[in-house]
Amino acid sequence: MERKKYVIMMAAGSGTRMGAGRPKQFIELGGKAILQRTIEVFRRACPGISVITVLPEDFIQYWKDYCIEHNFSCPQILVKGGITRFHSVRNALDRVPEGALVAVHDGVRPLVSEALVSGIFAKAEESAAVIPVLPCIDTMKVLESRDGELQTIPGMSVDRSLLYGAQTPQVFHSEILKEAYSLAYDTSFTDDASVVEKYGKNLSYVIGERFNIKITTQDDLVLAKAIMSLSE
Ligand code: C5P
């Protein structure tokens, strides 16, 4: 039997790198909040999906008001975020039952395609943990900052052909993700796949998308507008 689908929409970051007055997930892109755009992609890709939106506590009322004012009527379970992304996901997982498929997605990746979302969900029917990755195109350097200067670490280099960048959505069998999130927090947990791997489970991979950018800085906003103009 097909598993019921959930998405945990991560939007509880403070967005300090953007330098805007409010967190970046609430900034408007083409007349709509980035977070609304991101949720809409999942609703088009997977009609009937349950949406859990994780927000900064101080912005829960703001988001409720925004949705009413903008006639954004998507049913959402609103959850308060935590001190790190890990703690935010853990809060949201309390609202997900076992036996489901659960995607965790950065609310600031509105340009993910419906095809990537539905493709990862389809693969996750067979594999317990599926994540999108992109091969690195830049040459990577391993450096450290000493006395305010970037310096080489002698003997440290990385083979670029082995390096991939991880994106979201990352989709899991919910019972596996819930068990993995019972681990104690570790600073190496920068995405959900790293938690599941530490818990001892294998990951499956699909190739991600160059345009599935995580809008983090003002430059990313410029890029996102340019990408969106391609399909106008
Ligand atoms: O900080 P980072 O760029 O890794 O954030 C990725 C996503 O996780 C963002 O969508 C952000 O809103 C979310 N986040 C969260 N709770 C936190 C920190 C980040 O939901 N405490």
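Residues numbered from 1 in each chain as written. Predicted model: local features only at pLDDT ≥ 70, side-chain atom pairs only at ≥ 80, totals over all residues. Heavy atoms only, no water.

Draft legend 1. Representation of the overall build of the protein chain in the model. Per the secondary structure count, the protein chain includes 7 helices and 12 strands. Considering only residue pairs separated by 6 or more positions, the protein chain has 73% of its internal contacts joining residues 24 or more positions apart. In the structure as shown, the protein chain presents an accessible area of about 12100 Å², 51% of it carried by carbon and sulfur atoms. Side-chain charges in the protein chain split into 26 positive and 28 negative, and the spacing between the mean points of these groups amounts to 2 Å. (Helix = DSSP H or I, 4+ residues; strand = E, 2+ residues; numbered from the N terminus. Contact = heavy atoms within 4.5 Å. Areas by Shrake-Rupley, 256 points an atom, 1.4 Å probe, with all protein chains shown as cover. Lys, Arg positive; Asp, Glu negative; His and termini not counted. Charge placed at Lys NZ, Arg CZ, Asp CG, Glu CD.)

Draft legend 2. Layout of the site of the ligand. Contacts to the ligand come from 14 residues, most closely from Met10, Ala12, Gly13, Gly82 and Ser88. A distance of 3.0 Å separates a nitrogen atom of the ligand from a polar backbone atom of glycine 82. Threonine 84 places a polar main-chain atom, nitrogen or oxygen, 3.3 Å from a nitrogen atom of the ligand. Relative to its unbound accessible area of 460 Å², the ligand is 85% covered by the protein chains. Its residues assigned to classes, the shell around the ligand shows 5 nonpolar, 5 polar and 4 charged. (Near = heavy atom within 4 Å. Polar contact = N/O pair within 3.5 Å; in protein donor to acceptor, adjacent residues only side chain to side chain. Nonpolar A, V, L, I, M, F, W, Y, C, P; charged D, E, K, R; others polar.)

Draft legend 3. A look at the packing of helix 1 (residues 34-45) against helix 4 (residues 114-124). Between helix 1 and helix 4, the shortest axis-to-axis distance is 9 Å and the interhelical angle comes to 60°. The orientation of helix 1 with respect to helix 4, classified from their angle, is oblique. Of the two elements, helix 1 crosses helix 4, and the hand of that crossing is right-handed. Two secondary-structure elements touch here, helix 1 through Val41, Phe42, Arg44 and Ala45 and helix 4 through Glu114, Val117, Ser118 and Phe121. Residues that form the contact of helix 1 with helix 4 fall into these classes: 5 nonpolar, 1 polar and 2 charged. (Axes fitted to C-alpha atoms, helices over the stretch in contact; angles between N-to-C directions. Parallel < 35°, antiparallel > 145°, perpendicular 65-115°, else oblique. Left-handed = near helix turned anticlockwise from the far one by under 90°.)

Draft legend 4. Here's a closer look at the nonpolar core. Grouped together as the largest cluster of nonpolar side chains are 31 residues, with contacts concentrated most on Leu35, Ile39, Phe42, Trp63, Val117 and Phe121. Taken together, the elements giving at least two residues each to this core come down to strand 1 (4-10), helix 1, strand 4 (50-55), helix 2 (60-69), strand 6 (100-106) and helix 4. When residues no more than four places from it in sequence are discounted, the contact partners of valine 117 are Val41, Phe42, Ala45, Cys46, Val112 and Pro169. Residues Met10, Val79, Phe189 and Val195 belong to the second largest nonpolar core, which totals 27 residues. (Core = buried A, V, L, I, M, F, W, Y, C linked by side-chain atoms within 4.5 Å. Buried < 20%, exposed > 50% of the residue type's maximum accessible area, 1.4 Å probe, protein only.)

Draft legend 5. Representation of the packing of aromatic side chains within the structure. Counting across every chain of the model gives 9 aromatic pairs. With 5.1 Å between their ring centres and 20° between their planes, phenylalanine 26 and phenylalanine 59 make a pair best called stacked. Of this pair, phenylalanine 26 sits in the loop between strand 1 and strand 2 (28-29) while phenylalanine 59 sits in the loop between strand 4 and helix 2, placing them 33 residues apart in sequence. Residues tryptophan 63 and phenylalanine 72 carry aromatic rings whose centres are separated by 6.3 Å and whose planes lie at 70° to one another, so their mutual orientation is edge-to-face. Just as tryptophan 63 is buried, phenylalanine 72 falls in that class too. Through successive ring pairs, a cluster of aromatic residues spans Phe26, Phe59, Tyr62, Trp63, Tyr66 and Phe72. Geometry around tyrosine 6 places lysine 4 over its ring, the cationic atom sitting 5.2 Å from the centre. (Phe/Tyr/Trp six-rings, centres within 6.5 Å; stacked < 30°, edge-to-face > 60°. Lys NZ or Arg CZ within 6 Å of the ring centre and 35° of its normal.)

Draft legend 6. Representation of unusual backbone geometry within the structure. Proline 169 follows threonine 168 through a cis peptide bond whose omega is 10°. Tracing the sequence through the fold places proline 169 in the loop between strand 10 (164-166) and strand 11 (170-173). With a phi angle near 50°, asparagine 71 is a residue other than glycine that sits in the positive phi range. With respect to the helices and strands, the residue asparagine 71 is situated in the loop between helix 2 and strand 5 (76-80). Positive phi values are uncommon outside glycine, yet aspartate 147 reaches one of about 50°. Inspection of the secondary structure puts aspartate 147 in the loop between strand 8 (143-146) and strand 9 (149-152).

Draft legend 7. A look at the pattern of salt bridges. Considering all chains together, one arrives at 9 salt bridges under this definition. The shortest N-O distance in the salt bridge between arginine 85 and aspartate 106 comes to 3.2 Å. Of this pair, arginine 85 sits in helix 3 (residues 85-93) while aspartate 106 sits in strand 6; the two residues are 21 residues apart in sequence, bridging distant segments of the chain. Residue classification places arginine 85 among the partly exposed residues on the basis of a relative accessible area of 25%. (Salt bridge = Lys/Arg side-chain N within 4 Å of Asp/Glu carboxyl O.)

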